[in-house]
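Observations on the three-dimensional arrangement
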Amino acid sequence: MITFENLTLKYADKLAIDRLSLTIEAGEKVAIIGTSGAGKSTLLAHLYLLLKDNAAYCSQKQGLVDSLSAYHNVYMGALARHHWVYNLVNLIAPFKKPLNEINELCRELALDFPISKKLSTLSGGQRQRVALARALYQEKSTFIGDEPFSALDPIMGKRLLDLVFARHETVIMVLHDKSSALSYFDRVIGLSQGQLKLDIPHEEINSSHIDELYSGSVSDLASDTLNHA
Ligand SMILES: Nc1ncnc2c1ncn2[C@@H]1O[C@H](COP(=O)(O)OP(=O)(O)OP(=O)(O)O)[C@@H](O)[C@H]1O
């Protein structure tokens, strides 16, 4: 589905991704882990650029509009599916079909308040779920998420992970939750200082691989695990 070799990405002089080669096949569920500043968000944003037509992207920045309702923020996920006149009328007087669909989606995400509520009045966890609802409402085959459950409790996070997996063929997600990375994903990729240090399939990964990546003692691991790449 996507492949690149020796990818290098910089912000001015700051190296963020360092000669990274990667292939991700359609249907894979890939977790991306690594310490803060390792280059995870930069890699994810690049993957989204490459997969844009078929992917929904839930970024850390969210890009929600505070002055609009939860309904309209979620509806933004469907803007590209409709004529601009339909979108404009729906902005002023929402149509029944998207209202019902978004009500149902918000119910699944445990957003138990009226969807007419303004974004500016929501909590961090509620905003994160509105951003997730907008991504789900895009109905794309690939989900790209940058810590999309970071503000949620673990039970809610796992419930929403199930939902994301059920609705997307391919999932590529940055997350810090070790147990989810180990138990849910087909493959775990680890970055350190912009370099690919781990690439291990589900059957072979264990928590010590992740601990070593986070403790910085991953250099020996790299040569073993990258054979799977
Ligand atoms: N807009 C920017 N301008 C300059 N440097 C940046 C910018 N965004 C990120 N960086 C730098 O690029 C490197 C990679 O950043 P990135 O956000 O991809 O890391 P990350 O692994 O996602 O971190 P975190 O877990 O904290 O979100 C870091 O050293 C960061 O300081």
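This report concerns the structure included in the present document. For clarity, every value in this text was computed on a predicted model and none was experimentally measured. (Residues numbered from 1 in each chain as written. Predicted model: local features only at pLDDT ≥ 70, side-chain atom pairs only at ≥ 80, totals over all residues.)

1. Digging into the overall build of the protein chain
For the protein chain, the count of helices and strands is 9 helices and 8 strands. In terms of overall size, the protein chain behaves like a compact globule, its C-alpha atoms giving a radius of gyration of 19 Å where 229 residues would be expected to give roughly 17 Å. Counting only C-alpha atoms and orienting by the principal axes, one finds that the protein chain spans roughly 60 × 35 × 30 Å. Sorting the 229 residues of the protein chain into buried and exposed places 37% on the buried side. Across the protein chain, contacts joining residues at least 24 apart in sequence account for 68% of those joining residues at least 6 apart. (Helix = DSSP H or I, 4+ residues; strand = E, 2+ residues; numbered from the N terminus. Rg over C-alpha atoms; globule rule 2.2 N^0.38 Å. Buried ≥ 20, exposed ≤ 12 C-beta atoms within 10 Å, placed from the backbone. Contact = placed C-beta atoms within 7 Å.)

2. Overview of the site of the ligand
Taken together, the residues surrounding the ligand are Tyr-11, Lys-14, Ala-16, Gly-34, Ser-36, Gly-37, Ala-38, Gly-39, Lys-40, Ser-41 and Thr-42. By residue number, the principal contributor to the shell around the ligand is helix H1 (residues 40–51), which donates 3 residues. Split by residue class, the shell around the ligand holds 3 nonpolar, 6 polar and 2 charged. (Near = placed C-beta within 6 Å. Nonpolar A, V, L, I, M, F, W, Y, C, P; charged D, E, K, R; others polar.)

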